Each structure stands twice: as C-alpha cells, then as structure tokens.
Amino acid sequence: MRSLSIVIPVLDDGVALAALLDDLRALRIDRDAVTVVDGGSRDGSAEIAESRGIRVLHARRGRANQLAAGVAASAGTWVWMVHADTRLSAPAWEALQWVLADAASLWGRFDIRLDGSELALRGVERLMNLRSRLSGICTGDQGLFVRRDVLELVGGVPRLALMEDIELCKRLRRLARPRCIATPLRTSARRWQTHGVTRTILTMWWLRLRYFLGESPDALVRRYYDHDA
C-alpha cells in the first residue's frame, strides 16, 4: 500500500479519541502516520494523544482549519480524514488498503454504522449510505480519503466554517466518483440520540439546502450550533 497520512481533528473529544487511538495501535498502524489537530480542547485531548506518542498540532478552531493544518503537516501519498469519534475494525482497515492499492482510485469513503442500538438508527445508516452512493457526496464521519495530488488539484480542504466536507466532495466528484467501501466505520450516534432522529435529519437537510441555495457557511454555522444548544 502506498503511504497514508491519517489526520484527526479534535475538540474536547478525549474519551472518543483514546478509543480510536487504541484501535489504531491494535491494528499496528504506524503512529508516525497519525496527526491529531487540536482546536483548543479543555478536556486533555491533546495530552491523551501525546501520551500515546502521537504528533499533535494546534490550529484555530474549526474542522476545515484543523484538517488543512494536518494535511499541510503530513506527507503521505494518501490522506485519510477521520473524526475522533470513529471506531476502526480490522476488516475496515483491510478494505481501505485494498482500495488504496488500486491505481484507479482517486478518493472515497466508507459506509457507516452508528453505535446506538435504537431501531431508528438502522434506518438512518441505510439512508445515509444510500444517499452517498447515489449522489457521490459524503459527510466527514464517513472517513473521506483522497490521494494527495488529487486533493491539491481541487484546492485542498475548503476553508469553510461549515460544509467543508460537502464542498470538498463536490469538487472531487468532478474528477471521479468516490470509491465506496461497504465495510463500515462505526461512529457516534450522540447527535441523533440527543436531539432526536427526525429533528436531526430535518435540520441537516435544511442546512444543506440553504448551502446549495447559496447561504454563506458563516451564517449556517450559527444555525448548526443553535441546533446543538
């Protein structure tokens, strides 16, 4: 497999980050390939990573800024952008290696599995994975990976306050459809559990609609965090 840099943006994600880093260690992934980019955590997230020998960068808060900093500081042929609340299995890691070894691959993402047991979450997963396959657009929690030269060709990680994942996929989709890995990553269901499945889906679709209609990410981010309040 060609070299891979793993970039993990964090903000007060200490417990989840520790579990993800334990997954990487269990799979014997070289810790020098991993960069954690902290956006000002107050829960010791950076210290958790450093205690495991992981390089930590500090960047201005905002996932796009943090991802861009991590990409700039890494050197792998491939870049894998992973949310801190992701859990990685051996089958998912093996599937990724197969895709990256294919010279025809330019970028891609995983299906996801939400970590809650509620039946409604199974429907959310299926809809998210199907929508992504049909549209060629993925969200950040689907573990977007991209060849570095291709990422540079589309201008790098878009410096947007929100929707940087959607915008990046739109740019990449002009070059090629994503490789969709069916072996899922597991990710946190806390947003759906906290705010309710229906409300969360409607809010996220409303935000995306406003974005596609031209509303600025700076305005959308206020709506997004109002929803989280």
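Here, every reference points to the structure presented above.
Since the model is a prediction, treat every value here as computed from it, not as a measurement. (Residues numbered from 1 in each chain as written. Predicted model: local features only at pLDDT ≥ 70, side-chain atom pairs only at ≥ 80, totals over all residues. Heavy atoms only, no water.)

Some details on the overall build of the chain
Defined as follows: Going along the chain from the N terminus, every DSSP run of H or I of four or more residues is numbered as a helix, and every run of E of two or more is numbered as a strand. Whether a residue is buried, partly exposed or exposed follows from its accessible area with a 1.4 Å probe, protein chains only, as a fraction of its type maximum: under 20%, in between, or over 50%, in that order. Residue contacts follow a heavy-atom distance rule, with two residues in contact if any of their heavy atoms lie within 4.5 Å. Accessible surface is estimated by sampling points in the Shrake-Rupley manner with a 1.4 Å probe; for residues, cover comes only from the protein chains shown.
A count of helical and extended segments in the chain gives 10 helices and eight strands. Residues counted as buried form 54% of the 229 residues belonging to the chain. A separation of at least 24 residues holds for 75% of the contacts in the chain among residues at least 6 apart in sequence. As presented, the chain carries roughly 11,000 Å² of accessible surface, and 53% of it is formed by carbon and sulfur atoms.

Considerations on the nonpolar core
Our working definition: As used in this record, nonpolar core signifies buried Ala, Val, Leu, Ile, Met, Phe, Trp, Tyr and Cys residues forming a set joined through side-chain atoms within 4.5 Å.
Ranked by internal contacts, the top residues of the largest apolar core, which has 30 residues, are Ile6, Ile8, Leu24, Trp80, Leu96 and Phe145. Of all the elements, helix α4 (residues 90–100) adds the most residues to this core, at six residues. If we skip the residues at most four places from it in the chain, Trp80 touches Leu4, Ser5, Ile6, Val7, Leu88, Trp93, Leu96, Phe110, Gly143, Leu144, Phe145 and Leu185. Judged by nonpolar contacts, the second largest core, of 24 residues, contains Val79, Ile137, Val157 and Met163.

Here we look at empty space enclosed by the protein
Where empty space is left in the structure can be found by rolling a water-sized probe over the atoms. Stated precisely, the cut-off is as follows: A pocket here means an open set of points on a 1 Å grid, computed over the protein atoms alone, that has protein on both sides within 12 Å along at least five of seven lines. A cavity is instead a set of points where a 1.4 Å probe fits but cannot get out; residues with an atom within 4 Å of a point line either one. Grid points are joined across faces, edges and corners, and a volume is the space filled by probe spheres set on the points. Here the term charged refers only to Asp, Glu, Lys and Arg, the term nonpolar to Ala, Val, Leu, Ile, Met, Phe, Trp, Tyr, Cys and Pro, and the term polar to all other amino acids, Gly among them.
With the rule as written, the count across this model stands at two cavities of 30 Å³ or more. In this model, the largest cavity occupies a volume close to 100 Å³. Lining the largest cavity, in full, are Arg63, Leu67, Met81, His83, Gly140, Leu144, Val157, Glu164, Asp165 and Leu168. Residue assignment for the lining of the largest cavity shows that the elements contributing at least two residues are α3 (63–73) and α7 (164–173). Broken down by element, the lining of the largest cavity gets its largest block of residues, three residues, from α7. Taken together, Ile6, Ile8, Leu20, Leu24, Trp80, Val82, Thr86 and Leu88 make up the full set of residues lining the second largest cavity. At the level of elements, β1 (4–10) and α1 (14–26) are the ones that each hand at least two residues to the lining of the second largest cavity. Classifying every residue of the lining of the second largest cavity gives seven nonpolar, one polar and no charged.

Some thoughts on the pairing of β1
Defined as follows: Strands are labelled as partners when DSSP assigns at least two bridges between them. With strands facing away from the observer, any crossover in which the path from the first strand over the helix to the second runs clockwise is taken as right-handed.
Along β1, seven of the seven residues are buried, which leaves the element largely enclosed by surrounding structure. Two elements, β1 and strand β4 (residues 78–81), share four bridges in a ladder whose sense is parallel. Along β4, the bridge assignment pairs Val7 with Met81. As judged from the five bridges shared by β1 and strand β2 (residues 34–38), these two strands associate in the parallel manner. Paired with Pro9 across the bridge in β2 is Val37. For the handedness criterion, the β-α-β arrangement of β1, α1 and β2 is classed as right-handed.

Comments concerning the environment of Trp98
Tracing the chain through its elements places Trp98 in helix α4. According to the relative accessible area criterion, Trp98 is exposed, its value standing at 71%. Along the primary structure Trp98 and Ile181 are separated by 83 residues, whereas in three dimensions their C-alpha atoms are 10.0 Å apart.

Quick notes on the sheet that holds β4
Condition: The axes are straight lines fitted to the C-alpha atoms, using for helices just the contacting stretch, and the angles between their N-to-C directions are given from 0 to 180°.
The strand order β3-β2-β1-β4-β7-β6-β8-β5 describes an open sheet built from eight strands, whose pairing is mixed. Of all strands in the sheet, those with a lone pairing partner are β3 (55–58) and β5 (86–87), marking the two edges. Pairing of strand β6 (residues 107–114) with strand β7 (residues 145–147), which is carried by two bridges, proceeds in the antiparallel orientation. Looking at β7, one finds that Trp107 is bridged to Val146. The strands touched by helix α5 (residues 119–135) are β6 and β8 (179–187); relative to β6, the strand with the most contacts, the crossing angle is about 170°.

Any link to function would need more than the numbers given here.
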